[in-house]
Structure formats: structure tokens, C-alpha cells
Amino acid sequence: ATSSIFSAEPLVNVKKSTLADANKRINWRFYYELFQTLFALFQGGFSKHEFPVPGKLLSLDSTLIKVCLERLPWAKYRATKGALKLHTLLDHDGLVPQDIVVTHGKISDITVARHMTIAPGTTYLVDRGYFDSAWFAKINRGNAFFVTRMKSNVGFEWTEHPAINREQGIRGDWIGHFSGTPSEHYPDPLRLVHFIDPETRKDLWFLTNLLDTEALTIAQLYKQRWQIELFFKWIKQNLKIKSFLGTSENAIMSQIWVAMIVFLLLHVLQQSSKASITTHHLLIFISMHLRVKIPISQAWQVFQRTEKHVKHKRKQKLRKLLN
């Protein structure tokens, strides 16, 4: 209904092989550097995280993308299976990836993390796949912080036991040190927080070098790590990164970084819009107007009016059902 006011001009059809050849020819670092330039340009406008911790709040995790080993022999995972691994550093200011390292599926999470540059003042949220006392020591020496899940087979000796508020779900709060072999790599003080989630009743133990932050905040910080799981789910469902146009490593990397540029621009559009709209609806908007030659501001206004009208109709229908 909205497209009838536009003068549509069909785009030239582009063959899949043409895109594949371009991805093979153009170095993927062009797209990577373009993403970093855009990220630096727009990050000042992103909404900030609201936790009382110094500096940035980042989640580090990885996700697997299964691929055909015959077509991508360099993407080894199992004997007969192939997979890529996206090691992602998600910035909680805006929930946009700050960086992504792509490897084949056999590379462990901690192997990539060990080569990562530590930013002073930053707090890193990681799961137990990154549990490594030497890497934690690197973070601590870099004047940064981490929050992770404690492993049951790692020893801990406490020296202080601050008062706790059991009504908030906190069952224990200790300051102490690693015992045994891990203490050789990390001899400095650590914090162990025992938390039982009031909603799920899940029993959780957190390890951190944030010694002065409230125990409940430690638990809430780790809960924010779920945002990176939502990011992985969204890009797999919406950006079609599981279907690649080329098979070379350069082609794969190019397509992934083009997808991240799309995600970043969608996020910027969403945050700059006065209307409440999801990135999913933004993708719908773009797909509706790919073949339309019109100023994007005009098309966006029409789309927003249409979305408002649809929501109003839904509310009216719901009222009739309730009555």
C-alpha cells in the first residue's frame, strides 16, 4: 500500500558468481577497516551501559557456523565436518560488536583471547570457556577487570568475608586467592561471590577482580553476558551469514564484515529514530525499498506511519476480542 506513491526503478540483476568473484578479488580488510571507521564515527551516539564500573563493559564469546568441509577444506572442525568460529567482542554501549576474529572451528576460545589487546579500565564478561589464570593475570596487569563463572575443581582460599544481603540472592562473598597451581600465575587478590537467582533458583558462583563492587552488581553484570547470545541468534536469523557466496577464506571474511556493516548501520538507524522500532522491522523496511528510487528520509516517514497504523488496527482488534 505504501509503495504506490514511489516511482520504482528496477535494479540490475547481479549474478551470484559476480559477487563471489568480487569477494575473492577485494581484500577482506577493506570491509574490516570500513566497519572500524564507521564504529568509531557512530559509537559516541550509542546508549551507555548503566553499571557502576569504570570504562567499557564488553562481553567476549564465540559462536559456530557449520559449513560444508568439501567446499571449505580450510574450515576444519571434526573429521568429516567443517565450521567457522566467530570470536566476538560485544560492546555493551549500544550492544554492537567492537571486533570479530574468524577462525576454523577447532580453535579454542582461550587461544584467541590470549592474543587480545587488553584495554585499561574495561570490564570483560566471559564464560568458563575462558577460565585461565594466566589470562586473568594479563587482564589484571593491564588495569582491567573480568567477571566469570568459577570452576568447581579450582581451589580458593579466602581471607575476608564481607557482610551480605541474603534477601538479594547473595549467599556468600569472599576475598582471597587461588590455591594450588593457578596461584603461580595469579597471586593477587580475587573475589568469589555465591548467588542464587531468586527467579530461576539457579546456583551460581562468580569469580572477579572487582574487589570494591557490590556483590549483587557482580551477579547482574554476568547476567548481561546473555546479550552476546542474543546478538549471535539475531545475526544468524537475519543476516544470512550461514549461506556464503564464495568458498575462499577472503570471500568468507568479506561477507561476514559486510554483514557487520549492515548490522551497525541498522543499529544507528534504529537509535536515531524517534519511533520505537526493532532492527527486524528495519530489515523489512529496507527489503521493501531495495528497488525503489526515493530519498530514504521520505520512505522512512511513510514506513513509520504505516507501522503506527498497523499497531492501531491491532489494538482495535484486541479491544473487540476483549469486549
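Coordinates for the structure precede this section.
Residues numbered from 1 in each chain as written. Predicted model: local features only at pLDDT ≥ 70, side-chain atom pairs only at ≥ 80, totals over all residues. Heavy atoms only, no water.

Draft legend 1. Representation of the side chain of Asp132 in the model. Inspection of the secondary structure puts Asp132 in the loop between strand S4 (123-125) and helix H4 (133-141). At a separation of 3.1 Å, a polar atom in the side chain of Asp132 contacts the side chain of Arg114. Setting aside residues no more than four positions away along its own chain, Asp132 makes contact with Ile110 and Arg114. (Helix = DSSP H or I, 4+ residues; strand = E, 2+ residues; numbered from the N terminus. Polar contact = N/O pair within 3.5 Å; in protein donor to acceptor, adjacent residues only side chain to side chain. Contact = heavy atoms within 4.5 Å.)

Draft legend 2. Region of interest: the pairing of strand S9 (residues 203-208). Bridge count for strand S5 (residues 145-149) against S9 is 3 bridges, and the pairing is antiparallel. Bridge assignment links Arg149 to a residue of S9, and that residue is Phe206. Here strand S8 (residues 190-196) pairs with S9 via 6 bridges, running antiparallel. Counted as the bridge partner of His194 is Trp205 from S9. (Pairing = 2+ DSSP bridges.)

Draft legend 3. H4, seen in detail. Residues of H4 that are buried: Ser133, Trp135, Phe136, Ala137 and Ile139. Just downstream of H4, Asn143 is the residue with a positive phi angle, here 60°. (Buried < 20%, exposed > 50% of the residue type's maximum accessible area, 1.4 Å probe, protein only.)

Draft legend 4. Looking closely at the pattern of salt bridges. With the rule as written, the count across this model stands at 7 salt bridges. For Asp109, the salt bridge is made with Lys85, and the minimal N-O distance between the two is 3.3 Å. Of this pair, Asp109 sits in helix H3 (residues 109-114) while Lys85 is found in strand S2 (residues 82-91), placing the two residues 24 residues apart along the sequence. Lys85 shares its class with Asp109; the two are buried. Residues Arg191 and Asp173 are paired through a salt bridge, measuring 2.7 Å at the closest nitrogen-oxygen approach. (Salt bridge = Lys/Arg side-chain N within 4 Å of Asp/Glu carboxyl O.)

Draft legend 5. Main features of the packing of helix H2 (residues 29-42) against helix H8 (residues 249-272). Axis separation between H2 and H8 bottoms out at 9 Å; the angle between their running directions is 15°. By the angle between their axes, H2 is roughly parallel relative to H8. Remark: the crossing between H2 and H8 carries left-handed chirality. Contact with H2, carried on its side by Tyr31, Tyr32, Leu34, Phe35, Leu38, Phe39 and Phe42, involves Ser254, Trp257, Val258, Met260, Ile261, Leu264, Leu265 and Val268 of H8 and no other residues of that element. (Axes fitted to C-alpha atoms, helices over the stretch in contact; angles between N-to-C directions. Parallel < 35°, antiparallel > 145°, perpendicular 65-115°, else oblique. Left-handed = near helix turned anticlockwise from the far one by under 90°.)

Draft legend 6. Quick look at the environment of Ser47. Mapping Ser47 onto the fold places it in the loop between H2 and strand S1 (57-67). Accessibility expressed as a relative area gives 43% for Ser47, which makes it partly exposed. Distance in space between the C-alpha atoms of Ser47 and Gln271 is 8.3 Å, their sequence separation being 224 residues.

Draft legend 7. Broad picture of a positive patch on the surface. On the surface, Lys66, Lys76, Arg78, Lys81 and Lys106 cluster together to form a positively charged patch. On the secondary structure map, Lys76 appears in the loop between S1 and S2. (Patch = residues over 30% accessible without salt bridge, like charges linked within 9 Å, V, L, I, M, F, W, Y side chains within 5 Å. Areas by Shrake-Rupley, 256 points an atom, 1.4 Å probe, with all protein chains shown as cover. Lys, Arg positive; Asp, Glu negative; His and termini not counted. Charge placed at Lys NZ, Arg CZ, Asp CG, Glu CD.)

Draft legend 8. Molecular detail of the packing of aromatic side chains. Applying the stated criterion across every chain, the model contains 19 aromatic pairs. Ring centres of Phe35 and Trp257 lie 5.2 Å apart, and the angle between their planes is 55°; on these two criteria the pair is classed as tilted. Taken together, the residues span a long stretch of sequence, with Phe35 in helix H2 and Trp257 in helix H8 at a distance of 222 residues. Of the two residues, Phe35 and Trp257, both sit in the buried class. Ring geometry for Trp135 versus Phe136: centroids 6.1 Å apart, planes at 40°, classification tilted. For the pair Trp135 and Phe136, a shared accessibility class is recorded, and that class is buried. (Phe/Tyr/Trp six-rings, centres within 6.5 Å; stacked < 30°, edge-to-face > 60°.)

Just distances and angles here, no functional claims.
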